[in-house]
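Report on the structure
As a plain string of letters, each chain reads:
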Amino acid sequence: MSLVVDSVSKRFGPVLALDATSFSVEPGHIFGLLGANGAGKTTCMRIVLDILRPDSGSISWQGRANTDLPRRTWGYLPEERGLYLRMPVIEVLRFFAALYGVPAAQATAEVGEWLERFRIPHYRDRRVEELSKGNQQKIQFIAAILHDPEVLIMDEPFSGLDPVNVQLLKEAFLEMRDRGKTLIFSTHQMETVEELCESIAIVDAGRVVVSGTVRDVKRAMGRQVVRLATEEADGGDWVEQLPGVTLIRRGEDYLELQVRDGADPRSILAAAIARGERVTRFEIADPSLEEVFIEHVGRPAAVEEERHLAGSGRGVDR
Amino acid sequence: MSGLFPNAWTVARREYRQRVQTRTFLIVTAVLALVGVGIPLLPVAVRLIAGDETTAVAIHSTDPVVQSQTVVALGAILHGDSDGTRWEITAVGDAAAADVRVRDGDLDGLLTVSRAGDGELAFDMLTEAGPSSQWLFAVRQATTQLSIGDRLVRAGIDPTAAGGIFAPTPFEVTPVDPDAKSPEETYGAAYMMAMIMVVLTFMAVLTYGQWVAGSVAEEKSSRVMELLITAATPRQLLSGKVLGTGAAGLTQYAVVVAAAAGGFALEGLVAERVLGDGGSASLESVNLWVLAPFGVFFVGGFLLYATLYAGLGSMASRQEDVQMATGPMLMVGMVGYFAAFIGLNTPEAQWVQVASLIPFFSPYVLPIRMLLASIEPWEWLVAGGLMVAFLFGALWVAARIYSAGVLLYGQRVNFRAMWRAVRVNR
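Residues numbered from 1 in each chain as written. Chains lettered and ligands numbered in written order. Predicted model: local features only at pLDDT ≥ 70, side-chain atom pairs only at ≥ 80, totals over all residues. Heavy atoms only, no water.

Attention shifts here to the overall build of chain B. What chain B contains, in helices and strands, is 16 helices and four strands. Residues classed as buried in chain B amount to 42% of the 426 residues present. Of the accessible surface of chain B, which amounts to about 22300 Å², a share of 64% is contributed by carbon and sulfur atoms. (Helix = DSSP H or I, 4+ residues; strand = E, 2+ residues; numbered from the N terminus. Buried < 20%, exposed > 50% of the residue type's maximum accessible area, 1.4 Å probe, protein only. Areas by Shrake-Rupley, 256 points an atom, 1.4 Å probe, with all protein chains shown as cover.)

As structure tokens, this is what we get:
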């Protein structure tokens with residue numbers, strides 16, 4: 001039985017944050033919630049966690065309404081990181097574990113294991129404020145999973161991490177999935193989603209525009225991408241003459257083409273051979289998630305993020 | 001809905017430890033404790049410093065009989081006063097030399113006595129002391145007494161009989177109800193005690209209430225809040241916060257009150273050692289066990305205010321907004337405080353009786369009635385019952401405000417939003 005979000009709506013004053021949002025997450029999957037800032041991802045997560053109540057709609061996990069589930073069902077990593085800065089790492093973690101009913105001895109042992117895994121065992125008795133942002137984020141991740149939750153919900157878990165820590169966190173995700181946990185996270189980084197997620201939902205302006213397994217979502221776009229390279233490297237103007245084919249990118253030594261629904265990608269290869277081109281590469285691929293996102297939302301996710309950051313910085317003296 | 005415990009305990013324990021361990025807490029508590037011990041001992045210290053001084057007054061008169069009579073009589077009258085001032089009354093023959101000694105500060109004053117043509121005594125004091133000087137006032141009173149005695153003698157009354165004229169008249173006060181009214185000095189001490197309790201209660205409620213509200217706002221601004229409300233229910237967090245911070249506040253309060261009580265207890269002993277006489281420990285005349293039931297109302301009232309402070313604190317996003325968000329509590333507290341002060345003078349009034357039953361006011365008004373009037377058993381029951389009911393009501397309302405407030409960031413604290421929060425669930 002999966003996690004089901006069923007036509008959930010939530011309004012904050014004049015803003016309709018969620019508009020009949022529906023999607024479902026299979027148990028044991030890693031699920032990506034994609035959307036620009038303000039699309040409603042955080043609100044959606046808070047409603048699933050039952051710290052906000054929807055105006056209408058319902059949420060269930062394993063067939064039980066989220067309002068009836070014990071709090072320890074969920075682990076949560078909020079987007080705005082926050083811990084008790086003046087407390088030692090071990091005490092903060094034991095405190096949150098205690099709130100979830102984890103015995104102190106068990107919590108202490110598990111904290112030790114996770115600190116090892118994240119390569120920061122020497123920070124155990126330091127105050128949280130002495131740690132770097134990246135390391136605080138790892139502590140916060142540990143705080144979210146110490147009580148062994150069935151579902152782990154994380155809001156932008158990778159933001160602000162350096163590549164090494166991103167890798168450590170990805171490994172932790174896979175570890176949790178191998179333990180049979182269900183993971184839901186939001187992000188702008190499409191590569192991470194491609195790498196980790198079995199299924200996704202793309203949210204825009206409070207509505208789910210598409211959801212499902214990554215492969216189904218890509219296929220549902222009804223078009224495929226062809227990457228073609230020839231020894232002639234003649235610029236490939238001829239391909240645009242072909243019906244249903246659009247040149248979307250001119251790479252260093254290859255062409256990336258989009259093939260509309262109904263057209264056969266192999267006709268491009270046939271046409272190339274007919275022209276006497278010597279083909280060195282021919283590849284039929286599903287569109288990237290980035291392309292899927294642009295197709296559905298009308299603009300790239302990352303650009304939206306930069307615009308948002310620039311916008312929020314405008315009020316600050318620079 | 002899950003129960004309050006054990007999560008409320010977990011929160012309270014963290015809150016208490018974190019609070020009590022801070023350097024600010026330790027320093028403030030130590031300073032307040034010192035002040036607590038110091039205040040009762042202050043009068044002893046003042047007397048110790050001032051007590052060494054002797055007021056020296058020289059008496060001069062051209063009439064040797066008048067002079068010697070004045071020295072003896074004035075000395076007797078002044079030494080008879082028991083305010084502790086030491087007098088040195090001497091006769092001087094050389095007025096000019098005494099004049100110089102006054103100007104040099106050797107003498108406090110030179111009193112020149114003369115008898116006018118109509119036989120009346122006239123006094124002239126040469127001194128540097130100002131008109132509000134206490135010893136000058138005492139001398140002046142004594143000279144009046146001296147003059148009256150002198151007039152009586154001149155009117156032909158036997159000087160030995162004249163002494164009897166000034167003897168105090170017996171005057172007794174008989175209370176209508178011998179149990180209700182206490183003797184005069186006990187009543188005065190009880191009045192003072194009631195006043196101290198009102199002030200202390202007011203300070204405790206406001207200071208520690210602010211602590212609770214500030215601590216909630218801090219969790220919000222540091223963004224720990226989102227983790228907390230995922231892990232525990234608003235009611236658990238709220239009651240844990242109130243219990244933990246409240247216990248830390250009461251710890252400080254107990255230390256300070258104990259220090260002050262110790263100061264009062266020591267006052268007599270210290271005064272005896274240092275000054276050679278007893279202290280003025282008038283509080284001993286108040287039966288402090290009378291106050292035991294008040295402890296219950298103090299804690300109850302404290303919890304009531306602190307719970308609402310916590311709820312209102314959740315509306316503030318930053319420390320700066322806390323004052324504004326908790327404004328209503330300050331106003332309610334002030335009403336109780338002033339009501340208590342007015343009630344001090346009319347402890348039997350009906351409105352005082354009513355106010356002493358209302359939970360928001362009872363912690364202020366009850367000690368007044370306890371010390372200065374009497375309280376029927378049924379009134380205890382009503383006041384206690386209302387307190388418990390209000391406590392549960394406050395927890396319900398505060399949890400509502402809290403669960404809505406903790407996720408509101410950057411918005412101005414406004415009471416319409418608060419009201420909406422109470423009515424609508426999240």
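The helix and strand inventory of chain A stands at ten helices and 14 strands. Oriented by its inertia axes, the alpha-carbon framework of chain A measures out at about 75 × 50 × 45 Å. Sequence separation of at least 24 residues holds for 68% of the intrachain contacts in chain A that already meet a minimum separation of 6. Of the roughly 14700 Å² that chain A leaves accessible, carbon and sulfur atoms contribute 46%. The centroid of the 39 positive side-chain charges in chain A is displaced by 4 Å from the centroid of its 49 negative side-chain charges. (Contact = heavy atoms within 4.5 Å. Lys, Arg positive; Asp, Glu negative; His and termini not counted. Charge placed at Lys NZ, Arg CZ, Asp CG, Glu CD.)

Another point: the interface of chain A and chain B. Counting residues at the interface gives 24 residues for chain A, matched by 22 residues for chain B. Taken over both partners, the interface formed by chain A and chain B buries close to 2400 Å², and the fraction arising from carbon and sulfur atoms is 58%. Broken down residue by residue, the surface that chain A buries against chain B is led by Arg71(A), Tyr84(A) and Leu99(A), which jointly contribute 27%. Joining chain A to chain B, the criterion identifies two salt bridges. A salt bridge links Glu226(B) to Arg46(A); the shortest N-O distance between them is 2.9 Å. Along the contact surface separating chain A from chain B lie six residue pairs in polar contact (both at pLDDT 80 or more). Here the side of chain A that touches chain B takes five residues from helix H2 (residues 89–99) of chain A, the largest share from any one element. Of the residues that constitute the side of chain A that touches chain B, the class distribution is 13 nonpolar, two polar and nine charged. (Buried area = accessible area lost by both parts, 1.4 Å probe. Salt bridge = Lys/Arg side-chain N within 4 Å of Asp/Glu carboxyl O. Polar contact = N/O pair within 3.5 Å; in protein donor to acceptor, adjacent residues only side chain to side chain. Nonpolar A, V, L, I, M, F, W, Y, C, P; charged D, E, K, R; others polar.)

Let's shift gears to the side chain of Ser9(A). All names here are of chain A. The residue Ser-9 is located in strand E1 (residues 3–12) in this model. Among the polar contacts listed, one links the side chain of Ser-9 to the backbone nitrogen of Ala-20, at a separation of 2.9 Å. Aside from chain neighbours lying at most four places away, what touches Ser-9 is Leu-18, Asp-19, Ala-20, Pro-54, Asp-55 and Ser-56.

Residues Ile27(B), Val31(B), Val35(B) and Ile39(B) make up a contiguous nonpolar surface patch of about 360 Å² in total accessible area. Residue classification places Ile39(B) among the exposed positions, given a relative accessible area of 54%. (Patch = residues over 30% accessible without salt bridge, like charges linked within 9 Å, V, L, I, M, F, W, Y side chains within 5 Å.)

A few words now on the pairing of strand E13 (residues 255–259) of chain A. Residue and element names in this part refer to chain A. Counting buried residues along E13, five of its five residues qualify, which places the element largely inside the surrounding structure. Of the two faces of E13, the one lined by Leu-255, Leu-257 and Val-259 and the one lined by Glu-256 and Gln-258 are each fully buried. Inspection of the sheet shows strand E11 (residues 224–230) paired to E13 by five bridges, in the antiparallel sense. Bridge pairing links Gln-224 to Val-259 in E13. Across five bridges, the pairing between strand E12 (residues 245–250) and E13 is antiparallel. By the bridge assignment for E13, Arg-250 is matched with Leu-255. The turn linking E12 back onto E13 is made up of four residues. (Pairing = 2+ DSSP bridges.)

A few words on helix H9 (residues 289–297) of chain A. All buried positions along H9(A) are accounted for by Leu289(A), Glu291(A), Val292(A), Phe293(A) and Val297(A). Among the residues trailing H9(A), Gly298(A) stands out with phi positive, at a value near 90°.

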